[in-house]
Amino acid sequence: MNNRILKRLLLVTVLLLPAVGLVPLAPGRGQEPAAKPRDPAAWGGNHAGQPVPEYVQGDECLFCHRNEIGPSWVKDPHALTVRYREASPEVEALLTARPDIAKLAPEVTHYLGSRHFLRLLKKDGYGKFALASVQLQFPADRQNATRTGTWSGSPTWDRQTFAIRCAGCHSTGIDPENRTFSGFGLDCYTCHGNVDLDHTKDKSLVWFSKKRRSDAKAITSICAQCHLREGKSQSTGLPYPNNFIAGDNLFQDFKVDFARADDPSLNAGDRHIWRNVRDVAVNGDESIACLSCHQLHGDSIQKHRRVLRAPICSECHAAEGSFKEVRQYTVSSPLCGY
Ligand code: HEC
Ligand code: HEC
Ligand code: HEC
Ligand code: HEC
Ligand code: HEC
Ligand code: HEC
């Protein structure tokens, strides 16, 4: 057989294969509802109600990973979401702006919120915080080095709310029995899971290593444990998951209403998350997941520009034409109180 005929034959085979079903046609990226939705709870297992494992803590991880992860981690919203008061000295002056808040100030030990809003916390025994009912809103322009902001709410300490409404997404390792956290802020464990120290020899043992970041279902569960802010744990009734550990199937115990993905009244910041989670978990379309667009360490969306156009793009851009225009939106959440 000469070369030209061979090429022809190859071409014909390539063209015919999809038609005879040997090579599946590439699915539409970020497709509209699939013909057969899948049960999001069908795969894997979960740890609802079991004790929190003795996980390796962040300072230990950073002992070995300080060079590549350390520099961006100290600025990461996940790390900063709850922090010691001393970590934000620029807020100090704002605590005296209102006399009633100045009265609370001596008791404040930690802050909650890193980018737009700030809440005041007071250590209240092992693994517990009291939450003040006041909230500081930073101005939209955050370039300004001298911090300003506006206070709202009443200056009273609430000892219940943090544990039963906030802890699961703003702190780490919540005991399913008494709702105490084992670390404040979000430790490596919340995303990387219960890390086996043998991962130094076999990287596939740790979630999100270069060798273990392609399982779209599992990764979506990991990010969605906190980023679907309207779900409810079936076993506890609380608005955050029950002892979720990276690798678990979130939807076995955490119940959510996927119709939110189509709700036009929801802001695009939250809705693109609902939509992406629904596409993966219910429609079985794994072509686009959080990490197609987000780079977590370093907090970058640079890579989202290289994704092929898909329906999810129109959450923030026009359905056709240039990507230059970006829809403006304001993130808000009744659960988080802003
Ligand atoms: C189901 C998980 C979840 C629960 C429960 C939760 N939050 Fe949040 N919270 C988040 C996520 C995710 C964000 C970031 C959302 C974004 O910016 O898109 C956030 C953001 C915030 C912010 C804004 C931070 C900033 O500066 O932008 C504040 C303040 C906040 N939460 C307070 C609370 C409080 C107080 C509670 C309890 C009453 C609470 N949250 C409960 C997940 C949760
Ligand atoms: C909120 C989720 C989250 C938390 C918390 C988190 N990581 Fe990651 N990590 C990721 C994701 C996602 C990746 C994949 C690469 C990326 O997006 O940055 C990753 C990648 C890594 C990598 C591989 C980097 C590479 O070269 O690809 C290391 C090492 C790492 N994380 C260490 C840590 C350590 C140490 C901590 C705690 C101090 C931590 N991570 C906390 C989500 C997280
Ligand atoms: C004793 C030192 C040590 C400790 C402690 C440690 N690691 Fe590692 N980690 C390593 C080494 C060594 C590698 C392999 C690095 C390589 O080959 O590039 C690695 C690899 C990784 C990777 C994959 C990086 C890649 O290139 O894909 C991730 C993710 C990671 N570690 C996260 C963590 C987290 C999270 C913790 C804490 C729970 C932790 N490590 C604790 C030494 C450590
Ligand atoms: C354990 C809870 C938790 C997990 C898991 C988690 N996040 Fe977050 N995420 C938060 C909270 C809380 C904030 C807001 C922190 C703040 O500003 O106080 C946040 C903020 C963010 C932001 C906003 C950053 C910015 O600068 O505007 C992005 C993007 C994000 N998360 C992506 C992810 C991705 C992708 C994953 C999965 C790899 C993930 N998160 C996993 C809780 C979580
Ligand atoms: C198609 C790309 C794409 C996918 C998929 C995607 N995101 Fe985003 N996301 C973006 C872009 C781009 C932004 C930045 C929007 C901005 O800065 O106005 C963003 C913003 C965010 C924010 C910040 C909202 C805010 O303004 O406070 C969070 C949190 C977030 N994404 C989480 C996630 C999670 C979790 C997933 C997976 C379930 C996900 N995203 C999937 C592109 C994507
Ligand atoms: C959650 C909101 C959000 C989603 C979803 C989103 N984008 Fe974007 N996009 C942005 C924001 C914000 C910018 C401007 C910041 C930047 O340049 O990254 C942007 C900028 C861009 C740019 C650069 C435009 C220019 O010429 O300056 C491209 C290209 C782009 N997006 C493509 C996409 C594609 C492709 C998708 C779908 C796969 C998508 N975006 C989904 C928010 C989003």
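The rules behind these values
- Residues numbered from 1 in each chain as written.
- Chains lettered and ligands numbered in written order.
- Predicted model: local features only at pLDDT ≥ 70, side-chain atom pairs only at ≥ 80, totals over all residues.
- Heavy atoms only, no water.
- Near = heavy atom within 4 Å.
- Polar contact = N/O pair within 3.5 Å; in protein donor to acceptor, adjacent residues only side chain to side chain.
- Helix = DSSP H or I, 4+ residues; strand = E, 2+ residues; numbered from the N terminus.
- Nonpolar A, V, L, I, M, F, W, Y, C, P; charged D, E, K, R; others polar.
- Core = buried A, V, L, I, M, F, W, Y, C linked by side-chain atoms within 4.5 Å.
- Buried < 20%, exposed > 50% of the residue type's maximum accessible area, 1.4 Å probe, protein only.
- Contact = heavy atoms within 4.5 Å.
- Donors = N, O, S within 2.8 Å, 3.2 Å for Na, K, Ca; no water.
- Tetrahedral: all angles 85-135°; square planar, octahedral: opposite > 155°, others 65-115°.

Asker: Looking at this structure, how should I read the site of ligand 2?
Answerer: Taken together, 19 residues are adjacent to ligand 2, and Cys188, Cys191, His192, Arg213 and His297 come closest. Between a nitrogen atom of ligand 2 and a side-chain N or O atom of histidine 192, the distance comes to 2.8 Å. The contact in question runs from an oxygen atom of ligand 2 to an N or O atom on the backbone of leucine 296, over 2.8 Å. Only helix 2 (58–65) and helix 7 (189–192) provide two or more residues apiece to the shell around ligand 2. Residues that form the shell around ligand 2 fall into these classes: nine nonpolar, six polar and four charged.

Asker: Just to check I follow, could you spell out the nonpolar core for this structure?
Answerer: Looking at soluble globular proteins, one finds that nonpolar side chains tend to be buried together. Core analysis: the largest hydrophobic core is formed by 21 residues, its most contacted members being Leu228, Phe251, Val256, Phe258 and Val277. Among the secondary structure elements, those contributing two or more residues to this core are helix 8 (216–227) and helix 9 (268–281). Not counting residues up to four positions away in its chain, the partners in contact with phenylalanine 258 are Pro40, Phe251, Trp274, Val277, Arg278, Ala281 and Val282. Of all hydrophobic cores here, the second largest spans 15 residues; its members include Val91, Ile101, Ala105 and Leu136.

Asker: What's the story with the coordination of the iron atom of ligand 1 in this structure? I'm lost.
Answerer: Octahedral metals with six donors have ideal donor angles of 90 or 180 degrees. Tetrahedral metals with four donors have an ideal donor angle of 109.5 degrees. Protein ligation of the iron atom of ligand 1 involves His170 (NE2) and Cys336 (SG), the donor distances falling in the range 2.1 to 2.3 Å. Around the iron atom of ligand 1 sit six donor atoms, and with donor-metal-donor angles ranging over 87 to 179° the site reads as octahedral. Pair noted here: histidine 170 is in helix 6 (residues 161–170) and cysteine 336 is in the segment after helix 10 (290–293), with a separation of 166 residues, a long-range link. For cysteine 336, a relative accessible area of 23% translates into the label partly exposed.

Asker: What am I meant to see in the site of ligand 1 here?
Answerer: Near ligand 1 lie 20 residues; those nearest to it are His116, Cys166, Cys169, His170 and Cys336. Between serine 114 and ligand 1, the recorded distance is 3.2 Å, taken from a backbone N or O atom to an oxygen atom. Contacts to ligand 1 include histidine 170, whose side-chain N or O atom sits 2.8 Å from a nitrogen atom. Listed by contribution, the elements that provide at least two residues to the shell around ligand 1 are strand 3 (117–123), helix 6 and helix 8. Element by element, the count of residues in the shell around ligand 1 is highest for helix 6, at five residues.

By themselves, these figures tell us nothing about what the structure is for.
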